Amino acid sequence: MKNKISIIGAGQTGATTAHWLAAMEIADLVLVDIVEGMPQGKALDLLEAMPVIGSDVYVTGSNDYDATENSDIVVITAGLPRKPGMSRDDLLFANADIIRKATEETVRRSPEAIFIILTNPLDAMTYLTMKVGNLKPEKVIGQAGILDSTRMRAFVAMELGVSVENVHCYVLGGHGDDMVPLTRHSNVAGVPLNKILPPDRLEAIVNRTRQGGGEIVKLLKTGSAFYAPAAAIAQMAEAILKDKHLVVPAAAYLNGEYGLKGIYFGVPVQLGRSGVEKIIEYDLNPEEQEMLEKSAESVSSLIEKL
Ligand code: APR
């Protein structure tokens, strides 16, 4: 039987996720949105591209959650995006209502699905999905770490003129301005970044990574990034459906790991068919641990507000 992925929110990120996923030929796709006709139109357009790219996937769009029944993966991107001058946290209450509804409607129809959440503020919205859906923590994962890390990888590759494939970066912590790019653990073909780049260049890359989302919001003026976030979701979905046991940074529920408990937070996780199979704990120095704890405080305060 073919796999099925439902994407709630067929806006910029939802539709682009469908685009990346359709090319991977790993699942039939369903787009759901509140805007009438829009998910149907985008789905039909994408479906009509399949003969050109040679991918036998079926893509449908709907305004009705019944279309999501028996999904293997549910991706939630529904929500309001950031406008210039807004932080991700400013979206908390408006997006919480949207997430509650999307979770209730989809869990009822796909109780076995793995959930991948994108809506901001990411860590708090992922926590909310787990709670509202009464889901096992390992079945709910937030997409943020792959995005933050791929931004850093792109900046390092540009700086050094090496292939993006040689650059491995690990950005942990909450998906906010105090995220924690780990420069000691990040490397180019095995050589740690802090041994290759001078401190001022490394600091500039770390800062640009932290502000990476805001940089794009400022340029776009009417929305936030979507190509890279969507590519990151697609990588997570592929790792799950193919049971790859792939280690990526993502928001996972912590139960004592890194000295933190009861929050969703960006850490390296191993993804497979059952969702989060394992949380990997890096050996952090006191400075890195302190940055992580500061970031965790920001996430905890949002969860408390909810
Ligand atoms: N149910 C279904 N879809 C909804 C709902 C709802 N209750 N409310 C809003 N949507 C849809 C919108 O109609 C829109 O098509 O969610 C979609 C969001 O798409 P965009 O506005 O294009 O936003 P996008 O850039 O995709 O970002 C979505 O991800 O990165 C985060 O902060 C960002 O929270 C935002 C989310």
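Since the model is a prediction, treat every value here as computed from it, not as a measurement.

(A) Molecular detail of the overall build of the protein chain. The helix and strand tally for the protein chain stands at ten helices and twelve strands. For 306 residues, the compact-globule estimate of 2.2 N^0.38 gives 19 Å, and the C-alpha radius of gyration of the protein chain, at 19 Å, lies within 12% of that figure. Counting the 306 residues in the protein chain, one finds 53% classified as buried. Within the protein chain, counting contacts between residues at least 6 apart in sequence, those at least 24 apart form 69% of the total. A total of about 13,700 Å² of accessible surface is found on the protein chain, and carbon and sulfur atoms cover 52% of it. The distance from the centre of the 29 positive side-chain charges to the centre of the 39 negative ones in the protein chain is 1 Å.

(B) Region of the structure containing the site of the ligand. If you check the shell around the ligand, you find 21 residues, and the closest are Gln12, Thr13, Asp33, Thr77 and Asn120. The backbone of Gly11 places a nitrogen or oxygen atom 3.5 Å from an oxygen atom of the ligand. For the ligand, the accessible surface in isolation is 720 Å², of which the surrounding protein chains cover 86%. Counting only elements with at least two residues in the shell around the ligand, the list comes to α1 (12-24) and α3 (92-109). The residue makeup of the shell around the ligand, split by class, is ten nonpolar, ten polar and one charged.

(C) Just the domain arrangement of the protein chain, in detail. What the domain assignment lists for the protein chain is domain 1 (4-142) and domain 2 (145-305). One C-alpha centre belongs to domain 1, the other to domain 2, and the line joining them spans 22 Å. Listed as interface residues are 39 residues of domain 1 and, on the opposing side, 43 residues of domain 2. At the junction of domain 1 with domain 2, the criterion picks out one salt bridge. Notably, a salt bridge pairs Asp72 with Arg273, separated by 3.0 Å at the nearest N-O pair. On the surface where domain 1 and domain 2 come into contact, there are eight residue pairs in polar contact (both at pLDDT 80 or more). Counting only elements with at least two residues in the side of domain 1 that touches domain 2, the list comes to α1, β4 (73-76), α3, β5 (114-117), α4 (122-132) and β6 (140-142).

(D) Geometry of the packing of aromatic side chains. Taken as a whole, this structure holds three aromatic pairs when the rule is applied. Each ring, one from Phe226 and one from Tyr227, has its centre 4.6 Å from the other, and the planes form 35 degrees; the classification is tilted. Given the relative accessible area of 14%, Phe226 is considered buried. Measuring from centroid to centroid gives 5.6 Å for Tyr253 and Tyr264, while their planes differ by 55 degrees, and the two rings are tilted. In this pair, Tyr253 is assigned in strand β10 (residues 246-255) and Tyr264 in strand β11 (residues 261-272), connecting sequence segments eleven residues apart. When its relative accessible area of 23% is taken as the criterion, Tyr253 is described as partly exposed.

(E) Fine view of the environment of Lys2. Tracing the chain through its elements places Lys2 in the segment before β1 (4-8). Judged by relative accessible area, which is 45%, Lys2 ranks as partly exposed. Sequence separation between Lys2 and Ala231 is 229 residues; the distance between their C-alpha atoms is 21 Å. What Lys2 contacts, discounting residues up to four positions off in sequence, is Asp28, Asp56, Val57, Tyr58 and Asp72. One polar contact links Lys2 to Asp28, side chain to side chain, over a distance of 2.9 Å. Within the local environment of Lys2, its side chain forms a polar contact with the backbone oxygen of Asp56, the two atoms lying 2.6 Å apart.

Here is what the cut-offs are and how they apply
- Residues numbered from 1 in each chain as written.
- Predicted model: local features only at pLDDT ≥ 70, side-chain atom pairs only at ≥ 80, totals over all residues.
- Heavy atoms only, no water.
- Helix = DSSP H or I, 4+ residues; strand = E, 2+ residues; numbered from the N terminus.
- Rg over C-alpha atoms; globule rule 2.2 N^0.38 Å.
- Buried < 20%, exposed > 50% of the residue type's maximum accessible area, 1.4 Å probe, protein only.
- Contact = heavy atoms within 4.5 Å.
- Areas by Shrake-Rupley, 256 points an atom, 1.4 Å probe, with all protein chains shown as cover.
- Lys, Arg positive; Asp, Glu negative; His and termini not counted.
- Charge placed at Lys NZ, Arg CZ, Asp CG, Glu CD.
- Near = heavy atom within 4 Å.
- Polar contact = N/O pair within 3.5 Å; in protein donor to acceptor, adjacent residues only side chain to side chain.
- Nonpolar A, V, L, I, M, F, W, Y, C, P; charged D, E, K, R; others polar.
- Domains from an automatic or database assignment.
- Salt bridge = Lys/Arg side-chain N within 4 Å of Asp/Glu carboxyl O.
- Phe/Tyr/Trp six-rings, centres within 6.5 Å; stacked < 30°, edge-to-face > 60°.

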